[in-house]
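Given next are the chains, with one letter for each unit.
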Amino acid sequence: MYATLEQALLDLEKAGFLKRIRCEVDPNLEMAEMARTAFEKGGPALLFENVKGSKFPAVANLYGTQQRIDFLFRNSLESTKAAVLFKSNPVDFFKHPHLGNLILAAKAGLHSLPVKSGNIADFEECSLQDLPQIKCAPDDGGAFLTLPQVASRPGKNASVMTTNLGMYRIQISGNEYGPDECGLHYQIKRDIAKHHQKAIEEGRPLKVSIFLGGPPAHTIAAIMPMPENLSELLFAGMLSGRRFRYFVHNGYLVSSDADFCILGEVAPDLKSEGPFADHVGYYSGKHLFPYLKVKKVLCKKNAIYPFTVVGRPPQEDTLFGNFIHKVTKPMVPASLPGVHAVHAVDAAGVHPLCLALGSESFRPYAKPEEREPMELLKTANALLGFNQVSLTKYLMIAAKEDNPKLDVNRIPEFFGHILERLRTDRDLHFQTETTTDTLDYTGGSLNHGSKLVIAAAGPKIRDLRNDTADLQSLRLPASFAEPKIVMPGVLALKWNSDMAESFESGIAALRDSLANWNFRENYPWVSIVDDTATLGMEHPQTNLQDFLWLTFTRSDPARDLYGLNERYVHKHWACEAPLIVDARIKLHHQKAITFDKAVRESALKKLQGIL
């Protein structure tokens, strides 16, 4: 149980999970590179005591290993999980009563309600410029807060229980921002949007509070996918084992335990935000977003500035996702009957690919060989309307009845199960011209693109192969080269961009080649990428990770899917196997993140003896 971030850091240090960096460090790229390197090497949390240009120390890689997360929440995790299970499914909770679980759930409940405590005298005032001006990647538009807890309420006098606590990136320098302004990049399908809409309708500015630091549980609460109308402050209290403490100052909610509180009003106009090296692995573009007119910046006497570094997964936020899944696992089947498991694939950027296991019981009297996707389609629609799963671009869903042991977390096996049953004339269901994740640019413009549901049920209709000898009979057109088998049934081909042939002409020639290949039914998925050097079964360290990232972050289903004998049947797109996915970088895509070698060398030098 931690009352402050400082308490948590001292506890980590005592256990050997945190190291101090006493030399001066530069917030311009160097600190981020040190944090990134520490994460990659499974290193400790880093407490930077001498940040150039700032009086505040900073901490990074706080949640960078599973061991460290388990340590931080060792006294409250089980009670939180018991409370979530009770909330999700009270019937099942009491069906198997256990005194320990009852006590744990009750304990968590006691700590869940926020409590008024503290006042403005507990803080000092500072400015945005006093904060460590951490720039994470070379082409970032400025310094950003990367672990903010953004609090908003629907009305001026709204109850604290209506507070939404979310994590949206906050740009504090660069672009056209003045010294008392900061970006508020909230994405679509976030509850703060409802509060903003209500404020606009009532003709008043929305008051927003941004907290930094405090007990580690508060940071985790800001990224929890809580059910609608249930405040994240309740979860913050449960997970910290200590009620969320707050007071109200000039209409602003203030976290009494936070290290920093930024109080401001959402401006009536928009300003450019970005670019920023984001968690999908690319720079997000520069776009108009809301921003805050900052009224006051508060800090504790011994405030510590927490930050994280994002980029192509896995990164520290990968551990956040794993933790959330561990805690919220009971919520999915309770919220969505018929859903047994969901896996938003981190290696594919989370929202681009989701694997799901559902039921196919609409016709229980049907013979196994007559089973087809019916209930699965209903379930897929429910998933695409559920919380953050609604941002999914590719949703693959299978029927548990076909294999009760199928595991959504075992990706090659799940892909294999789907591809063995996939009928490309029936099982591909597109949503076109729809809303997509703000960070996904494959659709051509911000928040616009398409989705694809691949629903497969019934008996196997093909055998998948995994034999490099099969490639000898594949006669590729000149525009394609270096075929690699990624996993059973899945090929990757390199597009030869040096050829004068257009891509559409190349695809036409590729269709002809595949149509005459004896093994085309055994490899029903083909990804076209810019480079296959790290793909193939001979590259076990990079093969699957790179395939998932390249295929699903660089393709838009409606724009980039092809097949043999493409046709429309009653307005339904159909084809013959294999599916061909154009996963090349296109002109409208964003730039992949790259880092400065000199900065990395400097970071490694300062980390000598620590990693």
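So, how was this worked out
Residues numbered from 1 in each chain as written. Predicted model: local features only at pLDDT ≥ 70, side-chain atom pairs only at ≥ 80, totals over all residues. Heavy atoms only, no water. Helix = DSSP H or I, 4+ residues; strand = E, 2+ residues; numbered from the N terminus. Contact = heavy atoms within 4.5 Å. Buried < 20%, exposed > 50% of the residue type's maximum accessible area, 1.4 Å probe, protein only. Pairing = 2+ DSSP bridges. Right-handed = clockwise from strand over helix to strand, strands pointing away.

**Q** Is there a simple way to think about the environment of Asn522 in this case?
**A** By the secondary structure assignment, Asn522 is in the loop between helix H14 (503-515) and strand S28 (525-529). C-alpha of Asn522 to C-alpha of Gly489: the two residues are 33 residues apart in sequence and 5.7 Å apart in space. Filtering out sequence-adjacent residues up to four positions away, Asn522 remains in contact with Asp463, Leu464, Arg465 and Gly489.

**Q** I tried to follow the pairing of strand S22 (residues 353-358) on my own but got confused; where do I start?
**A** One face of the sheet, then the other: side chains in a regular strand alternate in exactly this way. Most of S22 sits inside the fold, with six of its six residues counted as buried. Burial along S22 is two-sided: Leu353, Leu355 and Leu357 facing one way and Cys354, Ala356 and Gly358 facing the other are all buried. When strand S21 (residues 339-344) meets S22, the two strands line up antiparallel, connected through five bridges. What sits directly across from Val339, in S22, is Gly358. Sheet analysis places S22 next to strand S23 (residues 394-399), joined by six bridges and oriented parallel. Bridging from a neighbouring strand, Leu357 pairs with Ala398 of S23. This β-α-β element, S22 to helix H12 (residues 375-383) to S23, shows right-handed connectivity.

**Q** What's the story with the sheet that holds strand S13 (residues 252-255) in this structure? I'm lost.
**A** Strand pairs in the sheet, formed through backbone hydrogen bonds, run parallel or antiparallel to each other. Read across the sheet, three strands follow the order S4-S12-S13 without closing on themselves; strand pairing throughout is mixed. Looking along the sheet, the strands with just one partner apiece sit at the ends: strand S4 (115-116) and S13. Across four bridges, the pairing between strand S12 (residues 245-249) and S13 is antiparallel. Bridging across to S13, Val248 finds its partner in Leu253.

**Q** Help me out: how do you make sense of the pairing of strand S7 (residues 149-152) in this one?
**A** Burial of the side chains of S7 extends over both faces: Gln149 and Ala151 are buried on one face and Val150 and Ser152 on the other. Sheet topology places S7 next to strand S11 (residues 207-212); four bridges connect them, and they run antiparallel. Note on S11: the bridge partner recorded for Gln149 is Phe211. By the bridge criterion, three bridges tie S7 to strand S8 (residues 164-166) in an arrangement that is antiparallel. Bridged to Val150 within S8 is Gly166.

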